[in-house]
Amino acid sequence: MNLKHTIRNRQAKIGVIGLGYVGLPLAVEFAKEGFDVTGFDIDAWKVGEINAGRSYILDVKSEDVARVAAAVPVSAGAVAAAGSARDLAVTGVEAPPAGSLRATTDMSHLRDMDVVDICVPTPLRKTKDPDLSYVVQAVEAVKTHLRPGQLIILESTTYPGTTDEVVRPALEERGLTAGTDFYLAFSPERVDPGNHAYTTKTIPKVVGGVNALSTELASDLYSSIIDTVIPVSSTRVAEMVKLLENTFRAVNIGLVNEIALMSHRMDIDVWEVIDAAATKPFGFMPFYPGPGLGGHCIPIDPSYLSWKARQYGFECRFIELASHVNGSMPEFVVERVSEALNSARKPINGSKIHLFGVAYKKDVSDMRESPALDILELLHRRGAVLSYTDPYVPHLQHGDLNLGSMPEEQSDGIDCAVICTNHRVFNYQAMASRFPLIVDTRNALKGVQAAHIFRL
Ligand SMILES: NC(=O)c1ccc[n+]([C@@H]2O[C@H](COP(=O)([O-])OP(=O)(O)OC[C@H]3O[C@@H](n4cnc5c(N)ncnc54)[C@H](O)[C@@H]3O)[C@@H](O)[C@H]2O)c1
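What you are looking at is a predicted structure, and each value in this text was computed from that prediction instead of being measured.

Asks: Got a minute to help me understand the sheet that holds strand β10 (residues 385-389) in this structure?
Replies: In any sheet, the strands associate via hydrogen bonds between backbone groups, in a parallel or an antiparallel arrangement. Spatially, the five strands line up as an open sheet ordered β10-β9-β13-β14-β15, and their pairing is parallel. The open sheet is flanked by β10 and β15 (453-455), the only strands paired with a single partner. Sheet twist, expressed as the average angle between the axes of neighbouring strands with direction ignored, equals 20°.

Take a look at the structure:
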């Protein structure tokens, strides 16, 4: 049976490499739609959790994982040895029913897959250059087990040219040709953790292959789980689409942060300005200021683009400028804390300062690149006595800071509270009256006007 047919009748075996914020929802969605899915991860704990039917990602329900994980017969106690339990099923000892998910650390099972989706991290090095080591490692594993007829898709965000210049030559070292012996495509992931309005299924998916057949096969695959698929002419276009989207956000957030800094000098309420501007039904899209950028995408992805552009002698001035403005926001928050304390004749040194929310954005537990870490560090250097509340982040370790989240109602005796991340679970009404000083970096106390509340 050819690959097109196996995809269409949901008999294609799908491998997802990297079971994180991107890979796990994708793997679960494929399994829910009837595919036989194997998740590959180097993290044995994650593999064990999936095989035990538990989710470690807030947006993915444990009951969904349990339902698809339970579709595979498990021998008692086998889960404990991460990677080995479901491997029995993978090797064909026990054939799982359609619509199942199992996880493994054993990459040799990649050979049994018809489709392999790569969803590994793409961070920056300390020098701010792209760190493709995770992609390279995953591609090496795929290459080792590559067989004719497989469809390989890269989903990790990366610079234009990665699929063509890095992934393709590595895979072709096996003597197989991309586009004819095996199929290769890039499809950027657009998942937005914490956003319940859009899910893996309802977010349109862009797909670009190394040739028309690769694009067609990858489009067929995603069409079986995603409502709208947008084929584009090449892998480079698909890679650039993602970087345009995230650069657009970084630059617009940079612009609105600059407007916030400017408005503060001019004694204008930037939040009121944005709300009024947003009433324009065309030509304006609201972006909001905040304590700085965070997460694995917006602070990082534009640097992938500017790094690649430099190879063409092109300087990305918007990206550099936005990164400069966004990077200065934690300093500005500390300045506002200092102004707030000053109004009560207190210095930062020795004051009890409590952060509400340390995750990089609301309703997620992701701490990667969180601006709260910079704010804590700056306040720590100035001698503040620090504490925090974040129901999604029970512990926080940063430099020599080692803190545990305090229950919201126990955060008493605080000199200044800083609303850093506006999680929905916080009781803002109570907060407004409980603390002598509040610095609100997210306009979470919208509509509450009082002398002790300091906004950005
Ligand atoms: N987090 C987001 O909101 C988001 C949104 C869109 C796109 N992306 C992009 O998706 C990619 C993945 O991001 P993420 O947030 O899911 O990362 P993540 O860190 O949550 O997950 C990555 C997973 O890959 C695993 N891994 C690393 N190297 C591996 C290897 N060689 N073999 C197998 N598993 C390996 C890790 O153990 C981890 O479980 C990145 O390129 C990111 O930029 C992320």
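Asks: How should I be thinking about the state of the cysteines in this particular structure?
Replies: A covalent bond between the sulfur atoms of two cysteines is what we call a disulfide. Per the stated rule, a full pass over the model turns up zero disulfides. With no disulfide of its own, C316 lies 18 Å from the sulfur of C297, the closest cysteine sulfur.

Asks: I'm lost on helix α10 (residues 270-277) in this one. Help?
Replies: Spacing of three or four residues puts side chains on the same side of an α-helix, whose turn is 3.6 residues. Every buried residue of α10 is listed here: V270, W271 and I274. When α10 is viewed along its axis, its buried side chains cluster within an angular range of 100° and face the same direction. Tucked inside the fold, the buried residues of α10 contact α9 (235-265) and β15. Backbone nitrogen of W271 and a side-chain oxygen of the N-cap are separated by 2.9 Å at the start of α10; the cap is D269.

Asks: Could you clarify how one ought to interpret the sheet that holds strand β2 (residues 36-40) in this entry?
Replies: Spatially, the eight strands line up as an open sheet ordered β3-β2-β1-β4-β5-β6-β7-β8, and their pairing is mixed. Strands at the two margins of the open sheet, each flanked by one partner only, are β3 (100-104) and β8 (229-231). If you compare each strand with its neighbour and ignore which way they point, the axes differ by 25° on average. Relative to strand β4 (residues 115-118), helix α6 (residues 133-144) is tilted by about 170°, and along the sheet it contacts β1 (13-17), β4 and β5 (151-154). Against the sheet, helix α8 (residues 212-223) makes contact with β1, β4, β5, β6 (183-186), β7 (205-209) and β8, and its axis sits at roughly 155° relative to β7, the strand it touches most.

Asks: Would you mind going over the site of the ligand with me for this structure?
Replies: Taken together, 28 residues lie near the ligand, and V22, D41, K46, T122 and R368 sit nearest. At 2.9 Å, a backbone N or O of V22 approaches an oxygen atom of the ligand. With respect to the ligand, the side chain of R368 contributes an N or O atom lying 2.8 Å from an oxygen atom. Taking 830 Å² as the accessible area of the ligand by itself, protein coverage stands at 93%. In terms of residue count, the dominant contributor to the shell around the ligand is α6 (three residues). Looking at the shell around the ligand, its residues break down into 15 nonpolar, seven polar and six charged.

Asks: I'm lost on the environment of Q137 in this one. Help?
Replies: Within the secondary structure, Q137 is located in helix α6. A C-alpha to C-alpha distance of 9.5 Å links Q137 and V120, two positions 17 residues apart in sequence.

Asks: I keep staring at empty space enclosed by the protein and nothing clicks. Help me out?
Replies: Gaps left between atoms are located by rolling a probe of water-molecule size over the structure's atoms. Scanning the model with the defined rule gives two cavities of 30 Å³ or more in all. In this structure, the largest cavity encloses a volume near 50 Å³. Taken together, the residues that form the lining of the largest cavity break down as five nonpolar, one polar and two charged. By volume, the second largest cavity amounts to about 40 Å³.

Asks: I keep staring at the pairing of β4 and nothing clicks. Help me out?
Replies: Note on strand geometry: in a regular strand, side chains alternate between the two faces of the sheet. Burial along β4 is two-sided: the face carrying V115 and D117 and the face carrying V116 and I118 are both buried. In terms of strand pairing, β1 meets β4 through four bridges, oriented parallel. Among the inter-strand pairings, I14 is bridged to a residue of β4, identified as V115. As paired elements, β4 and β5 share four bridges and run parallel to each other.

Asks: Is there a simple way to explain the packing of helix α13 (residues 329-343) against helix α14 (residues 371-381) in this structure?
Replies: In helix packing, the relevant descriptors are the interaxial angle and the interaxial distance, both defined with respect to the helix axes. Two elements in contact, α13 and α14, have axes separated by 9 Å at closest approach and are oriented at 50°. Our classification of the angle between α13 and α14 gives oblique. With respect to the hand of their crossing, α13 and α14 are arranged in right-handed fashion. Taken together, the residues of α14 that come into contact with α13 (itself represented by P330, E331, V333, V334 and V337) are P371, D374, I375, L378 and L379. Here the contact of α13 with α14 is built from residues that sort into eight nonpolar, no polar and two charged.

Asks: What am I meant to see in the packing of α9 against helix α11 (residues 301-310) here?
Replies: Two numbers describe how α9 lies on α11: the axes approach to 8 Å, and their chain directions differ by 115°. Handedness of the α9/α11 crossing: left-handed. Mapping the contact onto sequence places M240, K242, L243, N246, T247 and A250 in α9 and D301, P302, Y304 and L305 in α11. A class-by-class count of the residues in the contact of α9 with α11 yields six nonpolar, two polar and two charged.

Asks: Sorry if this is basic, but what is going on with the nonpolar core here?
Replies: The tendency in soluble globular proteins is for nonpolar side chains to be buried as a group. Ranked by internal contacts, the top residues of the largest apolar core, which has 45 residues, are V337, I353, L355, V358, L379, L386 and C416. Elements with a contribution of two residues or more to this core: α9, α10, α13, β9 (352-356), α14, β10, β12 (401-404) and β13 (416-419).

Asks: Which parts of the structure should I look at to understand the packing of aromatic side chains?
Replies: In this description, an aromatic ring pair is defined by two values, namely the gap between the centres and the angle between the planes. Inspection of every chain in the model, using the stated rule, returns 10 aromatic pairs. Put simply, the rings of F356, F426, Y428 and F435 touch in pairs and so form one group of aromatic residues. Over the ring of Y222 we find K205, and its NZ or CZ is 4.7 Å from the ring centre.

Asks: It is not clear to me how the layout of surface pockets should be interpreted in this structure. Could you clarify?
Replies: Empty space within the second largest pocket amounts to approximately 770 Å³. Residue lining of the second largest pocket: 29 residues in total, with L124, K128, P299, I300 and E369 positioned closest to the centre. For the lining of the second largest pocket, the elements supplying multiple residues, two or more each, are α11, α12 (317-327) and α14. Its residues assigned to classes, the lining of the second largest pocket comprises 14 nonpolar, seven polar and eight charged.

Reading the values: the criteria
Residues numbered from 1 in each chain as written. Predicted model: local features only at pLDDT ≥ 70, side-chain atom pairs only at ≥ 80, totals over all residues. Heavy atoms only, no water. Pairing = 2+ DSSP bridges. Helix = DSSP H or I, 4+ residues; strand = E, 2+ residues; numbered from the N terminus. Axes fitted to C-alpha atoms, helices over the stretch in contact; angles between N-to-C directions. Disulfide = S-S within 2.5 Å. Buried < 20%, exposed > 50% of the residue type's maximum accessible area, 1.4 Å probe, protein only. Arc of directions from axis to C-beta. Contact = heavy atoms within 4.5 Å. Polar contact = N/O pair within 3.5 Å; in protein donor to acceptor, adjacent residues only side chain to side chain. Near = heavy atom within 4 Å. Areas by Shrake-Rupley, 256 points an atom, 1.4 Å probe, with all protein chains shown as cover. Nonpolar A, V, L, I, M, F, W, Y, C, P; charged D, E, K, R; others polar. 1 Å grid on protein atoms, 1.4 Å probe; cavity = no way out; pocket = protein on both sides within 12 Å on 5 of 7 lines; lining within 4 Å. Points joined across faces, edges and corners; volume = space filled by probe spheres on them. Parallel < 35°, antiparallel > 145°, perpendicular 65-115°, else oblique. Left-handed = near helix turned anticlockwise from the far one by under 90°. Core = buried A, V, L, I, M, F, W, Y, C linked by side-chain atoms within 4.5 Å. Phe/Tyr/Trp six-rings, centres within 6.5 Å; stacked < 30°, edge-to-face > 60°. Lys NZ or Arg CZ within 6 Å of the ring centre and 35° of its normal.

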